[in-house]
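# Report on the structure
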Amino acid sequence: MRGQEAGRGAAAKRRRGTLAGLAAGLALVLAGCTSEVAGEPEGVDIGPLTTAEGTAQALVDLAEAAAVRYTGSMVAADGAGLTVDVTATLTGEVSGNITINALPATVLYVGKTLYLKAATNFWSGMVARFGVTSGDGSALANRWVKLPTSLIGVEFGEIFTPDIVAQTAGKVDKGTADLELPHNAKESIAGVDAYAVEVDGGKVYYATAAPHGMLRLELDRLGSAETTAVTDVVVDVADVSPNVVATYQSLAKSAGGLGKAVDALTGVQQGAHRFDKCAAAGCTLILDVKNTAKTAVRVHLRANWTGDGAKLGTCESEVGPVNPGAGKKISCRITSQQWKSFFQRANTVPGTHPYGAQWAALVLADPPDTGDLKTWSAAQPAVADDDKTDGSHAVYEINVGGDVWKYGVVSNRYWRDHSAEQLRECMASTKSACSTTLVTVADDPVSAHALAAKLVADHKTEHGSCPAGQWVSCTR
């Protein structure tokens, strides 16, 4: 039976909620002024979870995660083989490590923009594939490079977002939907017993033990656009929501270094160069550049110096904005101790002492908007207050008896229906009536998840374990 309830929840007063429990039929027989109730209450048998129900709950929990780590493999839209070890947030940011055709790179997706950082061999191997002019790749080596996601063939912000992944997995195959959950095939995923269940999008693996947390996804396809959808996806998943604020702090810190990221698809024309004021204190490289793009750009110069065949150090500088069609001089000066030693040796040791520099003048990308990242990285747990109903994300709890079965976070618009749909799982696992109640509504998703993580941690401290139905933010 489901209906509206106004009263007290398991842990505190809750004014809004939904109750599901054992239905009882009572017949009232009034005789005179008596208040006796005739008849016997009859409980409704609660059967075991079906495969459809258990799978739906596992995917709901995945969709609710604040941050998920994915490790595994897939095939990019252009056929390149990828491996990933990345963490994705509910708001669409992605960070971590990937390989493309076995060449490793660090990935950062923030502000709906993709950045890669990799060694020379990655860029030299990717030049033809990306259409990026970078010589042997050394000009782009070990620095953040902005690239369109279509060049990689992976829309990172879409395919790794937890709720989109859960939606893509879809529903259980109709042939097994009504099968009792324990009767499904079982496999071991990293030493954990798991149900292996066919779904619309492929196959999912989730723990046989409650709360049936997701362990692995094998999906035929992820993504909506032909140029950025991936196929043959096989990834292990792990919830990392307890550290959601730290995750955003790390993202904000990394994003702070993107002011020097290179725009690999926008170039400048390099002209004449010369060395100037080369003496004991240092030497200056001067380079003429012309902006051939249609918008104003910032240009960054980096030069690696050598003398007598040995490395002398690096200099770099920035100029701009340079207007479309305009020319500019850009220079940088080396003043390293290696240069000073070389110059002294060149003036004291007879013979020829050649020196020079290898340089690249590259356009710098506009930095991404990191306003939300800064806000979320400073987020504090929302305050539990069921009188607060305005905000973006609701924190709710599912209660059974005198305890909390699960805490969850969802868009404020859907929390009632979303939480009510999970009561069947609660009832089947506890054989008791379950209800949902509002904890509070937070102004942003990170504050909501920080509160949920705190509530789970407090429950674990008090009871020695997470709530029985808790996957998100439960450290086991």
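Residues numbered from 1 in each chain as written. Predicted model: local features only at pLDDT ≥ 70, side-chain atom pairs only at ≥ 80, totals over all residues. Heavy atoms only, no water.

What follows deals with the confidence of the model for the chain. The predicted model of the chain averages 89 in pLDDT, with 89% of residues at 70 or higher. Predicted confidence for residues 1-15 stays below pLDDT 50, and this span has 44 contacts to residues more than four positions away or in other chains. This model gives residues 22-37 a pLDDT under 50, and the stretch forms 17 contacts once residues within four places in sequence are excluded. (pLDDT = per-residue confidence, 0-100. Contact = heavy atoms within 4.5 Å.)

Moving on: the nonpolar core. The biggest cluster of nonpolar side chains holds 76 residues, and the ones touching the most others in it are Phe156 and Phe160. Beyond its immediate chain neighbours, meaning those up to four positions away, Phe156 contacts Val94, Ile98, Val107, Tyr109 and Leu114. Membership of the second largest hydrophobic core comes to 23 residues, among which are Leu285, Val289, Leu301 and Cys332. (Core = buried A, V, L, I, M, F, W, Y, C linked by side-chain atoms within 4.5 Å. Buried < 20%, exposed > 50% of the residue type's maximum accessible area, 1.4 Å probe, protein only.)

Applying the stated criterion to the full structure yields 14 salt bridges. As a salt-bridge pair, Arg69 and Asp85 come within 2.8 Å of each other at their nearest N and O atoms. With a gap of 16 residues between them, Arg69 in strand E5 (residues 67-75) and Asp85 in strand E6 (residues 81-89) connect regions that are remote in the sequence. Overall, Asp85 belongs to the partly exposed group, its relative accessible area being 28%. With its nearest N and O atoms 3.4 Å apart, the salt bridge here joins Glu226 to Arg221. The class of Glu226 is exposed, set by a relative accessible area of 62%. Among the residues examined, Arg221 registers a relative accessible area of 32% and is labelled partly exposed. (Salt bridge = Lys/Arg side-chain N within 4 Å of Asp/Glu carboxyl O. Helix = DSSP H or I, 4+ residues; strand = E, 2+ residues; numbered from the N terminus.)

Another aspect to go through is the layout of surface pockets. Rolled over the atoms, a probe sized like a water molecule indicates the empty space that remains. There is about 780 Å³ of room inside the largest pocket. As for the largest pocket, its lining consists of 27 residues, of which Ala56, Leu59, Val60, Ala63 and His418 are closest to the centre. Within the residue set of the lining of the largest pocket, elements represented by two or more residues are helix H1 (51-64), helix H5 (162-169), strand E24 (403-411) and helix H10 (423-430). Counting residues per element, the lining of the largest pocket draws most heavily on H1, at 9 residues. In terms of residue class, the lining of the largest pocket is made up of 11 nonpolar, 9 polar and 7 charged. (1 Å grid on protein atoms, 1.4 Å probe; cavity = no way out; pocket = protein on both sides within 12 Å on 5 of 7 lines; lining within 4 Å. Points joined across faces, edges and corners; volume = space filled by probe spheres on them. Nonpolar A, V, L, I, M, F, W, Y, C, P; charged D, E, K, R; others polar.)

Cis geometry is adopted by the peptide bond preceding Pro211, which originates at Ala210 and carries an omega value of 10°. With respect to the secondary-structure elements, Pro211 resides in the loop between strand E13 (202-207) and strand E14 (214-222). Following Gly320, the chain continues to Pro321 via a peptide bond in cis, the omega torsion being 5°. Summarising the element assignment, Pro321 is placed in strand E20 (residues 310-322). For Lys112, which is not glycine, the phi torsion reads 60° and is therefore positive. One can find Lys112 in the loop between strand E8 (103-110) and strand E9 (113-117). Classification of Lys112 by relative accessible area gives exposed; the value is 76%. At Ala190, a residue that is not glycine, the phi angle is positive and equals roughly 55°. The residue Ala190 is located in the loop between strand E11 (186-189) and strand E12 (192-199) in this model. Classification of Ala190 by relative accessible area gives exposed; the value is 76%.

To continue, consider the state of the cysteines. One pass over the full model with this rule turns up 4 disulfides. Here Cys278 pairs with Cys283 through a disulfide, and the sulfurs are 1.9 Å apart. On the basis of relative accessible area, Cys278 is assigned to the partly exposed category, the value being 26%. Assessed through its relative accessible area of 0%, Cys283 is described here as buried. The residue that forms a disulfide with Cys315 is Cys332, at a sulfur-sulfur distance of 2.1 Å. Taken together, the residues span a long stretch of sequence, with Cys315 in strand E20 and Cys332 in strand E21 (residues 327-334) at a distance of 17 residues. Of the two residues, Cys315 and Cys332, both sit in the buried class. (Disulfide = S-S within 2.5 Å.)

Here we take up the sheet that holds E21. Read from one edge of the open sheet, 3 strands run E17-E18-E21, paired in antiparallel fashion. The open sheet has two free edges, formed respectively by strand E17 (268-279) and E21, since each of these has just one partner strand. Taking each pair of neighbouring strands and ignoring which way they run, the sheet shows an average axis angle of 20°. With 8 bridges connecting them, strand E18 (residues 282-291) and E21 associate as antiparallel partners. In the sheet register, Thr284 faces E21, and the bridge partner there is Arg333. (Pairing = 2+ DSSP bridges. Axes fitted to C-alpha atoms, helices over the stretch in contact; angles between N-to-C directions.)

In this section: the packing of aromatic side chains. Evaluation of the coordinates by the stated rule reveals 12 aromatic pairs. Note on Tyr195 and Tyr206: the rings are 5.9 Å apart at their centroids and 65° apart in plane angle, and the pair reads as edge-to-face. In this pair, Tyr195 is assigned in strand E12 and Tyr206 in strand E13, connecting sequence segments 11 residues apart. Judged by relative accessible area, Tyr195 falls into the buried class, the value being 6%. Given a relative accessible area of 0%, Tyr206 falls into the buried group. Judged by centre distance (6.0 Å) and plane angle (65°), the rings of Phe275 and Tyr355 are edge-to-face. Remark: Tyr355 occurs in strand E22 (residues 355-364) and Phe275 occurs in strand E17; sequence separation between them is 80 residues. Overall, the relative accessible area of 31% leaves Phe275 in the partly exposed class. Looking at Tyr355, the relative accessible area reads 37%, which means it is partly exposed. Through pairs of rings, three or more aromatic residues link up here, namely Phe275, Trp305, Trp339, Phe342, Phe343 and Tyr355. (Phe/Tyr/Trp six-rings, centres within 6.5 Å; stacked < 30°, edge-to-face > 60°.)

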